[in-house]
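Coordinate inspection notes
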Amino acid sequence: MLHLYDTQTMELRPVEAEDGRQLRFYCCGPTVYGPAHIGNFRTFVMQDVFRRVVELGGLRTKHVRNLTDVDDKTIRDSQKAGMPLAGFTKIWTDKFHADCQSLNCLPPHVEPSAVAHIPEQIAMVAELIAKGYAYASEDGSVYFRISSFPEYGRLSHLDRRELELGKTANARANTDEYEKDSVADFVLWKAHKPEDGENFWSSPWGDGRPGWHLECSAMTHKYLGETFDLHSGGIDLIFPHHENEIAQSLCACGGHFARQWFHIAHLLVNGGKMSKSLGNMFTLRDLESKGFSAAALRYTLVGGHYRRPLNFTLTSMADAAAALERLARAEKELRQAAGEREAPSYRHLVQTRPEPASFQKAWESLNDDLNTPEALGCVFSALKSFRLHPPAPEQAKAEWLGLHFILAALGLVLPDPDTVAEAPENIRRLAEERLAARKAKNWAASDALREKMALLGWLVKDGRDGYELYRQ
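Before going into details, it helps to say that this report is about the structure given with it. For clarity, every value in this text was computed on a predicted model and none was experimentally measured.

Our next topic: the packing of helix α13 (residues 372-388) against helix α14 (residues 393-410). Interaxial distance between α13 and α14 falls to 11 Å at its minimum, and their mutual angle equals 160°. In terms of their interaxial angle, α13 and α14 are classed as roughly antiparallel. For the element pair α13 and α14, the recorded crossing hand is left-handed. Contacts between α13 and α14 pair T372, L376, V379 and F386 from the former with E399, L403, I406 and L410 from the latter.

The following block contains the structure:
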């Protein structure tokens, strides 16, 4: 059984379905106003690994992920583009879906959009006003009164003193996203402004549109009910977005809302924050233009533990491509020994759940707080042991299925081993010169030779017994 760190209780807890049959979980999805970047996809890929481990562990799932197609950003940028909101967001929704498919992410079972659920959001605001948790302002906007909900701050572990120090009397936040250290009554319904153009809907409080925090509460309630098993998102959403979700959901609907919380840490680029101004905000298309595959990006994203920041570099992408080639060669050897032709599908593996065989330790690592880097290490350790002690013919198929069981859990797609290029003579000669330099501890010469090989399109991976060569 998968045990996962719960943000709210700050402890490892078993991931269990309340009804014992189907794990129902919600993931905060993208805001579709531009291409999703690799930091966004770290979250979506790790949520995909989570779902795969749950399903391969024998539990059915109901995966709900929203699309934010109306907020400050989508309205602002659609207005700049001179396009209707629906047409503008569809472009970026289609691009997001294409990127998810390239990264081998399973589609959610339900993918509701904010615009399609405005009636449900209006109904929730009305309920909150009727119960005294929300109030309408003079301009027709509606705000949630944080002081009416004593449990506010329990997810992010803010105590009442911190909450009081962090806000001023009657402070209101009218933007969808505001300073992370600001605690203020947050907006549920935003009154129409001239700069919104034609993007408004009628409500009992006047024309306007929902605030960003509201959509997730309305959708979870509609598709998962008052209580569901798990809620997930990036760590930056804990406060205030998820705190606000909890407050408005419990006050409007009752129940317990999410029984468990799963948050994924930030992605760094070259050791620093990713931002457009620094020119290091990569999309999948950016990386593909540099010669890297979506499969290599997925390998890179699962290569770090989800609870720790992951430092992304182009070198890590080259290392990932090399690792996938090693896995492809090993898979081919096992497949031939097993007398098989085609890899089993994900659905077949979910239905049959083969034993992991020599990859049992990798499976145990995945079930121990989704320890993906440790699982990958266990996979390569098992494959290395096969070099010294190849599995007997009668065991080869079990090992081959075990390997595919773990690959399916990680969602890794291997390159065709028959297209993996062998290093030409000049590259092998440079590699031997570099090996000699390393043995002589001439590190400057070793580094220079590595750079020369990289310029020629080859990566050298050092190992205990020598080196391996991979095309970048």
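What follows covers the packing of aromatic side chains. Under the criterion given, the structure shown has 16 aromatic pairs. Ring centres of W189 and W205 lie 6.1 Å apart, and the angle between their planes is 55°; on these two criteria the pair is classed as tilted. Here W205 lies in the loop between β8 (185-191) and β9 (208-210) and W189 lies in strand β8, a separation of 16 residues in the sequence. One exposure class covers both W189 and W205, and it is buried. Ring geometry for W363 and F405: centres 4.8 Å apart, planes at 65°, overall edge-to-face.

One pass over the structure, following the stated rule, counts 1 cavity of 30 Å³ or more. Empty space within the largest cavity amounts to approximately 50 Å³. Around the largest cavity sit C27, F44, Q47, D48, H63, R65, C105 and L106, which together line it. Elements represented by at least two residues in the lining of the largest cavity include exactly α1 (38-56) and β4 (60-65). If one sorts the elements of the lining of the largest cavity by residue count, α1 sits on top with 3 residues.

End to end, helix α16 (residues 443-455) covers 18 Å across 13 residues, agreeing with the expected 18 Å (1.5 Å per residue, within 8%). By the burial criterion, the buried members of α16 are S446, L449 and M453. One side of α16 holds all its buried residues, which, seen down the axis, span an arc of 65°. In this structure, α16 carries A444, E451 and L455 as exposed residues pointing more than 90 degrees from its buried face. Backbone geometry just after α16 places G457 at a positive phi near 90°.

What follows deals with the pairing of strand β13 (residues 261-264). Burial along β13 is two-sided: W261 and H263 and F262 and I264, pointing in opposite directions, are all buried. In this sheet, β13 lies alongside strand β11 (residues 230-234) in parallel orientation, the contact comprising 4 bridges. Paired with S232 across the strands is F262, a residue of β13.

The subject of this paragraph is the layout of surface pockets. The calculated volume of the largest pocket comes to roughly 1,400 Å³. Among the secondary structure elements, those contributing two or more residues to the lining of the largest pocket are α1, α2 (72-81), α3 (85-102), α6 (212-224) and β14 (267-269). Tallied by class, residues from the lining of the largest pocket come to 20 nonpolar, 14 polar and 8 charged. Its volume calculated, the second largest pocket comes out at about 690 Å³. Those elements giving two or more residues to the lining of the second largest pocket turn out to be α10 (314-338), α13, β16 (458-463) and β17 (466-471). When residues of the lining of the second largest pocket are assigned to their parent elements, the largest contribution, 7 residues, is made by α10. Grouping the amino acids of the lining of the second largest pocket by side-chain chemistry returns 12 nonpolar, 2 polar and 10 charged.

Attention now moves to α1. With 19 residues, α1 should reach 27 Å at 1.5 Å per residue; the first-to-last C-alpha distance of 26 Å fits that figure. Across the 19 residues that make up α1, a large majority, 18, are buried.

Two quantities define a packed helix pair, namely the angle between the helix axes and the distance between the axes. With their axes 7 Å apart at the nearest point, α1 and α14 run at an angle of 140° to one another. With respect to their mutual orientation, α1 and α14 come out oblique. Contact residues: α1 offers V49, R52, V53 and L56, while α14 offers F405, A408, A409 and L410. Split by residue class, the contact of α1 with α14 holds 7 nonpolar, no polar and 1 charged.

This part takes up the pattern of salt bridges. Inspection of the entire model under this criterion finds 26 salt bridges. Across the pair R347 and E55 runs a salt bridge, and its minimum N-O distance is 3.6 Å. Highlighted residues: R347 in helix α11 (residues 346-352) and E55 in helix α1, separated in sequence by 292 residues. A residue is classified by how much of its surface remains accessible, and R347, at 40% relative accessible area, is partly exposed. Here E195 ties to K193 by a salt bridge, and the two come within 4.0 Å at their closest N and O atoms.

A word on the sheet that holds β4. Judged by pairing direction, the sheet is parallel, and its 4 strands sit side by side in the order β4-β3-β11-β13 without closing on themselves. Since the sheet does not close on itself, it has two edges, and those belong to β4 and β13, each with one partner. When strand polarity is set aside, the average angle formed by the axes of neighbouring strands in this sheet is 20°. In the sheet, strand β3 (residues 22-27) pairs with β11 via 3 bridges, with the strands oriented parallel. In the sheet register, C27 faces β11, and the bridge partner there is S232. Its contacts with the sheet put α1 on β3, β4, β11 and β13, and the angle it makes with β13 is roughly 135°.

Criteria and cut-off values
- Residues numbered from 1 in each chain as written.
- Predicted model: local features only at pLDDT ≥ 70, side-chain atom pairs only at ≥ 80, totals over all residues.
- Heavy atoms only, no water.
- Axes fitted to C-alpha atoms, helices over the stretch in contact; angles between N-to-C directions.
- Helix = DSSP H or I, 4+ residues; strand = E, 2+ residues; numbered from the N terminus.
- Parallel < 35°, antiparallel > 145°, perpendicular 65-115°, else oblique.
- Left-handed = near helix turned anticlockwise from the far one by under 90°.
- Contact = heavy atoms within 4.5 Å.
- Phe/Tyr/Trp six-rings, centres within 6.5 Å; stacked < 30°, edge-to-face > 60°.
- Buried < 20%, exposed > 50% of the residue type's maximum accessible area, 1.4 Å probe, protein only.
- 1 Å grid on protein atoms, 1.4 Å probe; cavity = no way out; pocket = protein on both sides within 12 Å on 5 of 7 lines; lining within 4 Å.
- Points joined across faces, edges and corners; volume = space filled by probe spheres on them.
- Expected span 1.5 Å × (residues − 1).
- Arc of directions from axis to C-beta.
- Pairing = 2+ DSSP bridges.
- Nonpolar A, V, L, I, M, F, W, Y, C, P; charged D, E, K, R; others polar.
- Salt bridge = Lys/Arg side-chain N within 4 Å of Asp/Glu carboxyl O.

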